[in-house]
Every structure is written in structure tokens, then in C-alpha cells.
Amino acid sequence: MTMSISKKLVFYLLLTVSALLLFAPAIVAFLMSFMSSQDILTGKILPETWTLDNYIKAFERFPLFGYLMNSFIVSLLITLGQLLLSSMAAYAFVFLEFKGRDTLFFIFIATMMIPFEASIIPNFQTIRGLDLLNTYTGLSLPFFAVAFGTFLLRQHFKQIPKELKEASEITGMGDVKFYLTVVLPVAKTSLVTLGVYGFLTSWNMYLWPLLSTTDDTVRTVQIGLKQLQSQEQLNEWGVIMAGGLIVVLPTLILLFLGQKKLQKGLTEGAIK
Amino acid sequence: MKEAVVLQEQYRKIDFLKIKKKQKRIRFVKGMLFLLPSMILFSVFLFYPMARTLYLSFFLTDNSGATTVFVGLDNFKNIFTSPIFLKSLQSTFLFVLYTVPGTIVISLFLAVIANEKLKGISLFRMIFSSTMGISVAAASVFWMFLFHPTMGWFNQLLEAVGLEAIGWLTDPKWALISVSISTIWMNLGFTFLILLGGLQSIDSHLYESAEIDGASYLYKLRRITIPMLSPTLFFVITVSFINAFQTFGQIDMLTRGGPQNETNLLVYSIYQEAFENYQYGTASAQAVVLFVIILLMTLLQFKLGERKVHYQ
């Protein structure tokens, strides 16, 4: 398939204009985070002098570093929990045959119909009752089990030849060993996809961290940003933007590294 | 003698059945063990809360959320006669109406132009999917500035062309639209990524044979791309619907439900009722309404997408 030059030009024009428009809010934030407050107040588009003051201030006035660590720990916990639980469940649905399997599978599907937002009140009471408010466990535990992750991994586990499983049975290999030494290594790519997705979504969580944390020691960076935004004077936009950029940097890097895998994995998990 | 043989045979059969039964039980226990962690968590953090929410919706509660008086359907009667909740429902539906088509149309356009094999296309794909990596909190901060009454770019732009400034987030006429615009932006990345994946899984032979027949670009788009993409499109539309009903973060950051409750979307209303007014009963009734809406949406997805979505 070759394209005429004029057609190519049209596409490049469309792509560039769209990219500029789409990325503009982020670019504005990026530029502002390097501006002095005077530049911002006078409505400059480009910083007159590039300064790191806003970043220094953001770290000085808020326990931003602690927030980042908290977010990192919570996201990592959720990601690992999801990978473990989803892969175990997917293994059972693909490689084990037992009574009631289909019913259980239906229950997994049914979980997708219950929005977490509709069950926050009892969940808050449960976590409070277990004395888990303001703990990493309370922040992450409710998100370990995910039907989506199970479906995604199930699609990939199904591509592993059944003969492998039969051979493992003949050699007397147990299910746990087969799951650990054969299935997980073979499905590495899909595990990475789910891991990236899980990390992205947990890092960006808002409602649950807002409810389940009340002090700075475990608060995640998203809620920190809300604090920063509501406490800062309106003429300190540079500091707020610097905070915003610090928050998105880890996920943007992760997204750019894993974009191809994510796109493939998510489409397969969603459609097949 | 003969009887003895028969007996023996029977014993063997029973033994065999016993072993088979035992194996079956072992297999069942094994399967359950692999599924147990997920099932326990689903029960504690999803099924129990759902039942509990329904239960709470029939009661009045004290400030800590303990039930005090059974009031039957009164909570539901109250919310459906409360102008504030009805307003919230109306705003939620309007919000869905603004954001879902907007998100789908724009990301479909982006996915189509980013599906061409051109040099440097992966850079554009990265930019188009970037908002998926930008959290609601950060995105809200970015947009809050753009909407700023004096310094914001939108009003600067209006001023530059000689129009009057708009109170994007403070004018009741504009607030919901402004929040919708920023929400569309936040959703684009994810939707784009899924749609691009859908486009790339379309068999290229279809395009090649259409090209031999001399089909135009638009013809191919209409006759091959869109129909072949329909399962993906369907999935994205459903997900967007459900997400729109669950919107919370940008409301909390940008408008706090105001002005005049114009942007008081369903989840924000539940949050306020429960965690600011401590009215757990009515908040639960609202949550039940949200649950029913999402349930209907998901069922619709399964029903309509039955032929396209295979789970087993």
C-alpha cells in the first residue's frame, strides 16, 4: 500500500493538529511549572526565565515525597495482588475441571455489574471496623480481586496447549508446580500487560484513598494534589502545576513504555 | 462360586466408583483453593456491601452508620421527591449524554488517523493515548487553570476575539458543559487505545481487495472499518457509559457539585449524603439507584453483544 504525497500531507496535518490540541493542557501545565509567578500573572505563554522554584516549593511545603512513596507502595501492592489472584483464578477456569466451575465463572462475570462506587458506604464501615483506615492494607485490599484481570489472563492461558497439561499429569507434576513453572512463565507478556494496567489504575485512584485516609502518613499523591490545589493561594499556579506534573510523570513513563502491549492486551481481553 | 465372582465384581465396581468420587472431591477442593482468595475478597468487598447497601436503604441511621429505625421505602420516597436528588439524576444523564458521544467520536477519529502506516506514527499514538496516564486529580488541576476566569486560556481567547468572558466553572449554564469537556479529554486516551487495537485487528486483505476494486478512502471507512470495528465500538460505548455514571474525582476537584447543584453527579451526591451529611440511609438508597442503572447497562451489553462477546 503506497500513499500519494498529498494524501500523506493531509494525514500529517491532521495528526499534528490533533496532537497539539490534545496535548495542549499538559503542555501549558509543563510550561507553567517552570515559570515565576510574575510570568504567570502577566499571562506569558513561554517562561521568561526557566526556574525550578515551583518544584522546590512543592516539595518543601507538602510531604510530596512521602505521598509519592505511599502511592508507589499501594499501587505495587494492588498490582501484585491482582496478578496473583487473577492468575490463580484464571488457572482454575482453564486447567481444572470440577463441579460448580461454570457457576463460579458466572459469579465472576456478575461482579462486573457491581460498581465499587455503589458500595463505598459498607466498604468504608468494613475497613473502619477492621481498624484498617489509614493503612496500606486498607487502601489496597479491596482491589486485589478483579474479574477483568481474570478474563484477560484466561484468554492467554487458553492458548497454552492442553497436551502440556496432560504431559505434566503423566509425569506426576502437581497443579501448583505446573502453575508456577509452566503457565506463569509462558504467559509472561499478558502478566506484564495486566501489571501495567493495574499499576496505572491504582496510581490514579481517587475516591477510595480520599475516604480511607485521614492523615499524611499513608495519604496517596492524588489526594496530596487535591490538598495542594485547595490550600495554595490562587497566584501560586506554578507550584500546583509542578505538583501535577510530578504526579503524572511515573504513569506517563509507564504508559509510554507499555503502550504497545497494553493496546494489544486490552483489546484482546475486552473483545474476545 | 458364581455368586462370589459377581460379588467380587461388585466390590471392584464400588471401589472404582469410590476412587472416582474421591478424585472428583480432590479436584473440587483444588479448584476451590485456586479460586478461594478471589471469592473471599469478592464476598467481603463487593457482594456483602451490595446487600448491606440495600439493607441500609430501608433504615435511618445514626452518625456512625448504625441502623436505628426501619422506615421501609421511605428513603426511596424521599430521594425521588427531593428536588436536589432529581436535579442530580438529571445532571448525571445530561453529563452522560455530553461525554459518551463526544469521547467516542473524537477517539474514533484519532484512532482512524493514527492507524495509517506512516513514519513517526508511534509518536502520535503515544500522544493520543497519553491522557490514560494522567490521573483525574492532575487533569483537573490542568483544566482548572484553562477554565480560570481571568488567567485561563479560554477566557483569554474569548477576550482576544472580543467576546465576553465566561464563568466556565461558576456559571450554572456552563459548569456541566465545562466539566464534560474536561472529562472527554480525560477519557480519550483509554478509548483511543482500545479502538486502535480494534482497528489493527481488522484483516488487511479486506482493504487490499477493496483497493483493487478502486474503492475510495471514505467508502472503505464506511463499508469495512466501521462494520468490522462494531464489537470494539460496542464495548467502548458500554464502558464509557458506565464510567460516566461513576464520575467523581473531577467533580470533587473542579466544582464540588456546584454551582446550584448543576454538577452534583450521582456518585458525588452519594458521597456528600453519606460522608458529609451522615445520612447513610438515603445515601444507600441513592447507591441502590446507581447500582440498578449500572446493572441495566451491563445487562444490555451482554444481551446486545451476545453474538460478539464470547466468554466461554
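Definitions and limits used
Residues numbered from 1 in each chain as written. Chains lettered and ligands numbered in written order. Predicted model: local features only at pLDDT ≥ 70, side-chain atom pairs only at ≥ 80, totals over all residues. Heavy atoms only, no water. UniProt positions renumbered as here; feature names shortened; annotations may be inferred. Helix = DSSP H or I, 4+ residues; strand = E, 2+ residues; numbered from the N terminus. Rg over C-alpha atoms; globule rule 2.2 N^0.38 Å. Buried < 20%, exposed > 50% of the residue type's maximum accessible area, 1.4 Å probe, protein only. Contact = heavy atoms within 4.5 Å. Areas by Shrake-Rupley, 256 points an atom, 1.4 Å probe, with all protein chains shown as cover. Lys, Arg positive; Asp, Glu negative; His and termini not counted. Charge placed at Lys NZ, Arg CZ, Asp CG, Glu CD. Patch = residues over 30% accessible without salt bridge, like charges linked within 9 Å, V, L, I, M, F, W, Y side chains within 5 Å. Salt bridge = Lys/Arg side-chain N within 4 Å of Asp/Glu carboxyl O. Core = buried A, V, L, I, M, F, W, Y, C linked by side-chain atoms within 4.5 Å. Buried area = accessible area lost by both parts, 1.4 Å probe. Polar contact = N/O pair within 3.5 Å; in protein donor to acceptor, adjacent residues only side chain to side chain. Nonpolar A, V, L, I, M, F, W, Y, C, P; charged D, E, K, R; others polar.

Looking at chain B in UniProt, the text filed under Subcellular location (unreviewed entry) is "Cell membrane". In its Sequence similarities (unreviewed entry) section, the UniProt record describing chain B reads: "Belongs to the binding-protein-dependent transport system permease family."

As annotated in an unreviewed UniProt entry, chain A carries the name Glycerol-3-phosphate ABC transporter permease and is attributed to Virgibacillus dokdonensis. The record held by UniProt for chain A lists under Sequence similarities (unreviewed entry) the comment "Belongs to the binding-protein-dependent transport system permease family."

(A) Structural detail: the overall build of chain B. Counting its secondary structure elements, chain B contains 12 helices and two strands. In sequence order, chain B lays out its α and β elements as α-β-β-α-α-α-α-α-α-α-α-α-α-α. In terms of overall size, chain B is more extended than a compact globule, its C-alpha atoms giving a radius of gyration of 28 Å where 312 residues would be expected to give roughly 20 Å. Its C-alpha atoms put chain B at 115 × 75 × 30 Å along the principal axes. Going through the 312 residues of chain B one by one, you find that 51% of them count as buried. At a minimum sequence separation of 6, the contacts of chain B that also span at least 24 residues come to 63%. For chain B, the accessible area works out to roughly 15800 Å², and carbon and sulfur atoms hold 65% of it. For chain B, the distance from the average site of its 25 positive side-chain charges to the average site of its 18 negative ones is 16 Å.

(B) Main features of unusual backbone geometry. The backbone of A:Asp131 shows a phi angle near 60°, a positive value even though the residue is not glycine. Residue placement: A:Asp131 occurs in the loop between α6 (120-129) and α7 (136-140). Judged by its relative accessible area of 66%, A:Asp131 is exposed. Positive phi outside glycine occurs at B:Tyr278, with the angle close to 55°. Relative to the elements of secondary structure, B:Tyr278 occurs in the loop between α11 (266-275) and α12 (280-304).

(C) Fine view of a nonpolar patch on the surface. On the surface, B:Phe28, B:Val29, B:Leu33, B:Leu36, B:Ile40 and B:Val44 cluster together to form a nonpolar patch covering roughly 480 Å² of accessible area. In this fold, B:Phe28 is placed in helix α1 (residues 2-56).

(D) View of the environment of A:Phe151. Residue and element names in this part refer to chain A. Tracing the backbone through its elements, the reader meets Phe151 in helix α8 (residues 147-157). According to the relative accessible area criterion, Phe151 is buried, its value standing at 4%. Sequence separation between Phe151 and Ile109 is 42 residues, and the spatial gap between their C-alpha atoms is 9.0 Å.

(E) Seen up close, the nonpolar core. Within the largest apolar cluster, 185 residues are counted, with the highest numbers of intra-cluster contacts made by A:Phe157, B:Phe128 and B:Phe142. Sequence-distant contacts of B:Phe128, that is, excluding residues within four places in its chain, are made with A:Leu15, A:Ser18, A:Ala19, A:Leu22, B:Leu110, B:Ile113, B:Ala114, B:Leu188, B:Gly189 and B:Phe192.

(F) Quick peek at the UniProt feature "transmembrane region" (unreviewed entry) in chain A. As annotated in UniProt, the feature "transmembrane region" (unreviewed entry) corresponds to residues 9-32, 72-96, 103-124, 136-157, 178-200 and 237-257 of chain A in the numbering used here. Between the first and last C-alpha atoms of residues 72-96 of chain A the distance is 35 Å; the span itself is 96% helix and 0% strand.

(G) Quick look at the interface of chain A and chain B. Taken together, the contact between chain A and chain B spans 98 residues of the former and 96 residues of the latter. Carbon and sulfur atoms make up 76% of the area that chain A and chain B hide from each other, which totals about 9000 Å². Interface area lost by chain A to chain B is led by A:Leu22, A:Met113 and A:Ile121, which between them contribute 8%. Viewed at the interface, chain B and chain A are joined by two salt bridges. Note that B:Lys30 is salt-bridged to A:Asp175, the shortest N-O span being 2.7 Å. Summed over the shared surface of chain A and chain B, the number is 11 residue pairs in polar contact (both at pLDDT 80 or more). Residue classes in the side of chain A that touches chain B are distributed as 70 nonpolar, 16 polar and 12 charged.

(H) The side chain of A:Thr193, seen in detail. With respect to the helices and strands, the residue A:Thr193 is situated in helix α11 (residues 188-203). Ignoring anything within four residues of it in the chain, the contact list for A:Thr193 reads A:Lys261, A:Leu262, A:Gly265 and A:Leu266.

(I) Main features of the side chain of A:Thr79. Residues and elements named next belong to chain A. Residue position: Thr79 is located in helix α4 (residues 64-95). A distance of 3.5 Å separates a polar side-chain atom of Thr79 from the backbone nitrogen of Phe199. Excluding residues within four positions of it along the chain, Thr79 makes contact with Gly195, Gly198, Phe199 and Ser202.

(J) Broad picture of the pattern of salt bridges. Counted according to the given criterion, the structure contains nine salt bridges over all chains. Of the charged contacts in the structure, one is a salt bridge between B:Lys77 and B:Asp74, with a shortest N-O distance of 3.8 Å. Remark: B:Asp74 and B:Lys77 occur in helix α2 (residues 74-81); sequence separation between them is three residues, near one turn of the helix. The exposure class assigned to B:Lys77 is exposed, which follows from its relative accessible area of 55%. Exposure remark for B:Asp74: the relative accessible area of 36% places this residue in the partly exposed category. Here the salt bridges share partners, and the residues they tie into one network are A:Lys165, A:Glu169, A:Asp175 and B:Lys30.

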